[in-house]
Amino acid sequence: MEELHRRKLPRMHSLCDLAHPRKLNWNVPKDVKEQTKAVAQSLDRMIENLDLYVLRFMDYGKEFPKSQNMSPDAYIQLALQLTYYRVHGLLVSTYESASIRRFYHGRVDNIRACSMEALEWCQAMTSKADIAAKDKMALLRKAIKHQTDILVQAILGHGIDNHLLGLRQIAKEQGMDIPELFQDESYKMSNHFTLSTSQVPTTMDAFMCYGPVVPDGYGACYNPHSNYILVCISSFKSCEGTVSSHFAAILESSFRQMKELCLSANHAAMNLTTGNLANGPCHSSGRISNLKT
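How each quantity is defined
- Residues numbered from 1 in each chain as written.
- Predicted model: local features only at pLDDT ≥ 70, side-chain atom pairs only at ≥ 80, totals over all residues.
- Heavy atoms only, no water.
- Helix = DSSP H or I, 4+ residues; strand = E, 2+ residues; numbered from the N terminus.
- Buried < 20%, exposed > 50% of the residue type's maximum accessible area, 1.4 Å probe, protein only.
- Contact = heavy atoms within 4.5 Å.
- Areas by Shrake-Rupley, 256 points an atom, 1.4 Å probe, with all protein chains shown as cover.
- Salt bridge = Lys/Arg side-chain N within 4 Å of Asp/Glu carboxyl O.
- 1 Å grid on protein atoms, 1.4 Å probe; cavity = no way out; pocket = protein on both sides within 12 Å on 5 of 7 lines; lining within 4 Å.
- Points joined across faces, edges and corners; volume = space filled by probe spheres on them.
- Lys, Arg positive; Asp, Glu negative; His and termini not counted.
- Polar contact = N/O pair within 3.5 Å; in protein donor to acceptor, adjacent residues only side chain to side chain.
- Axes fitted to C-alpha atoms, helices over the stretch in contact; angles between N-to-C directions.
- Parallel < 35°, antiparallel > 145°, perpendicular 65-115°, else oblique.
- Left-handed = near helix turned anticlockwise from the far one by under 90°.
- Pairing = 2+ DSSP bridges.

K.L.:
In this structure, what is going on with the overall build of the protein? I would like to understand it.
P.N.:
Each helix and strand in the protein was counted, giving 9 helices and 6 strands. Looking at the 293 residues of the protein, the share that counts as buried comes to 32%. When contacts within the protein are restricted to residue pairs at least 6 apart in sequence, long-range pairs at least 24 apart make up 64% of them. Carbon and sulfur atoms make up 58% of the accessible area of the protein, which amounts to about 19400 Å² in all.

As C-alpha cells, this is what we get:
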C-alpha cells in the first residue's frame, strides 16, 4: 500500500495557497501605444465588415440523405454548389478541408467540390426545360459519387493541392525558376477559393464560424445533426455581390428542393415498379400464347 501511495501523483496546491495577484505596471513606449491603437482600430473595422448569418435548418438533418444512400457531407456540399449557382449563375473554386492526420505531420488537404458533375446537375435543377425527376436524380447521384470519390482520395493522400504546394516550395527553396504551371492564370483562379467550406460536427447544439478567405467569397461552416442542420454563412459587407442572409435563404430553399427531388424520384420509381408488376403476368401469358400458336 505504501508503494502504491508513493506512485500516486501529488495533489495540486489549493488555490488558497497561491499568492495574491499583484498588478504589474508596464512601461510602454509611445510608438508601441500608437501601433496598438492603430491595430485595435483596424480590428474593429474588420469585425464591422464581417457579415455573419447562422442558418438553423429544421426540416430534416443528416438522417435523410442517409436514407437515400447518400453521404450527408457530399449532400450538403452539393446543396452549397446549387445555392451558389442559383445566386451567381456559375460555379467557383471551392475548398473543403480534408483531414490527413493519419500521415506523419499531416494536417489537411482540399476536397474540391466544384466539378463538371456538380455543374451538370445544377444546370438541370435550374433549367426551364421540363427535365424528368429521374434524370435530375441520376445527375445528383453521379455528382454525389464524384464528391465521395474525391473525398476518399484526399483523405488517403491522393489530393492535388498539397502535392502542388510541395513542388512549388521545393522550387523556391532550391532557388529554381518557378515552373510555368504556378504562374498560369488557371492555377491562380483554381486557388481563389470563393467558397470556403468545412464540416465541424459536434453532438452539442453548437457551431463554429469563420470568415471568407477572399474578398468576394463566402465562408460556410456546417454541423449536421440527426434532425436538423446548422450552417454558418459569412461574407464581407464591403463586397456588394455577397450577402450572407440571402445566401442562407437560397441554401434553405436548395435543401428543400433536394428533398423534393429525392421523394419525387422515389415515387416515380415505385410507380414504375408497381406498373411493371401489374402488367407483367399479362405480357407473359401473351408471349406464352403466341409461342403455343
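Still to come is the rest of the account.
K.L.:
Where do I start with the pattern of salt bridges in this structure?
P.N.:
Oppositely charged side chains can pair when the atoms bearing their charge come close. All told, the structure shown has 9 salt bridges when counted by the stated rule. Two residues, Lys134 and Asp135, come together in a salt bridge whose shortest N-O distance is 3.2 Å. According to the relative accessible area criterion, Lys134 is exposed, its value standing at 57%. Residue classification places Asp135 among the partly exposed positions, given a relative accessible area of 36%. Lys145 is the salt-bridge partner of Asp149, the closest N and O atoms lying 2.9 Å from each other. Here Lys145 and Asp149 lie together in helix α6 (residues 133-155), a separation of 4 residues that amounts to about one turn. What makes Asp149 partly exposed here is its relative accessible area of 33%. The structure contains a network of salt bridges with shared partners spanning Asp59, Glu252 and Arg256.

K.L.:
How do you make sense of the layout of surface pockets when you look at a structure like this?
P.N.:
Gaps between atoms show up when a probe of the same size as a water molecule is rolled over them. In this structure, the largest pocket encloses a volume near 240 Å³. Forming the walls of the largest pocket are 15 residues, and the residues nearest its centre are Asp161, Asn162, Leu165, Asn191 and Phe193. Those elements giving two or more residues to the lining of the largest pocket turn out to be β3 (108-111), α7 (161-173) and α8 (185-190). With 5 residues, the single largest contributor to the lining of the largest pocket is α7.

K.L.:
Looking at this structure, how should I read the side chain of Asp109?
P.N.:
Of note, Asp109 is situated in strand β3. An unpaired buried charge is present at Asp109: no salt bridge exists, and Arg112, the closest side chain of opposite charge, is 7.3 Å distant. Looking at Asp109, its side chain comes within polar contact range of the main-chain nitrogen of Asn162, at 3.5 Å. For Asp109, the contacting residues outside a window of four places in its chain are Tyr95, Glu96, Ser97, Ala98, Ile100, Ala154, Gly159, Ile160, Asp161 and Asn162.

K.L.:
What is the right way to look at the packing of helix α5 (residues 116-126) against α6 in this model?
P.N.:
Each pair of packed helices gets described by two things: the angle between the helix axes and the distance between those axes. Where α5 contacts α6, the axes come no closer than 8 Å and their chain directions differ by 155 degrees. Overall, the two elements α5 and α6 adopt an arrangement that is roughly antiparallel. Pair α5 / α6 crosses with left-handed handedness. Two secondary-structure elements touch here, α5 through Glu117, Ala118, Glu120, Trp121, Ala124 and Met125 and α6 through Lys136, Leu139, Leu140, Lys142, Ala143 and His146.

K.L.:
Can you help me understand the sheet that holds strand β1 (residues 50-57) in this one?
P.N.:
Within a sheet, adjacent strands bond to each other through the backbone by hydrogen bonds, running parallel or antiparallel. On the basis of which strands lie adjacent, the open sheet formed by 6 strands has the order β1-β6-β5-β4-β2-β3 and mixed pairing. Sheet topology places β1 and β3 at the edges, where each strand pairs with a single neighbour. Geometrically, the sheet is characterised by an average inter-axis angle of 25 degrees between neighbouring strands, direction not taken into account. With 5 bridges joining them, strand β4 (residues 195-199) and strand β5 (residues 218-224) adopt parallel strand pairing. Directly across from Gln199, in β5, lies its bridge partner Tyr222. Packing of helix α4 (residues 72-88) onto the sheet brings it into contact with β2 (94-99), β4, β5 and β6 (229-236), and relative to β5 it is tilted by some 145 degrees.

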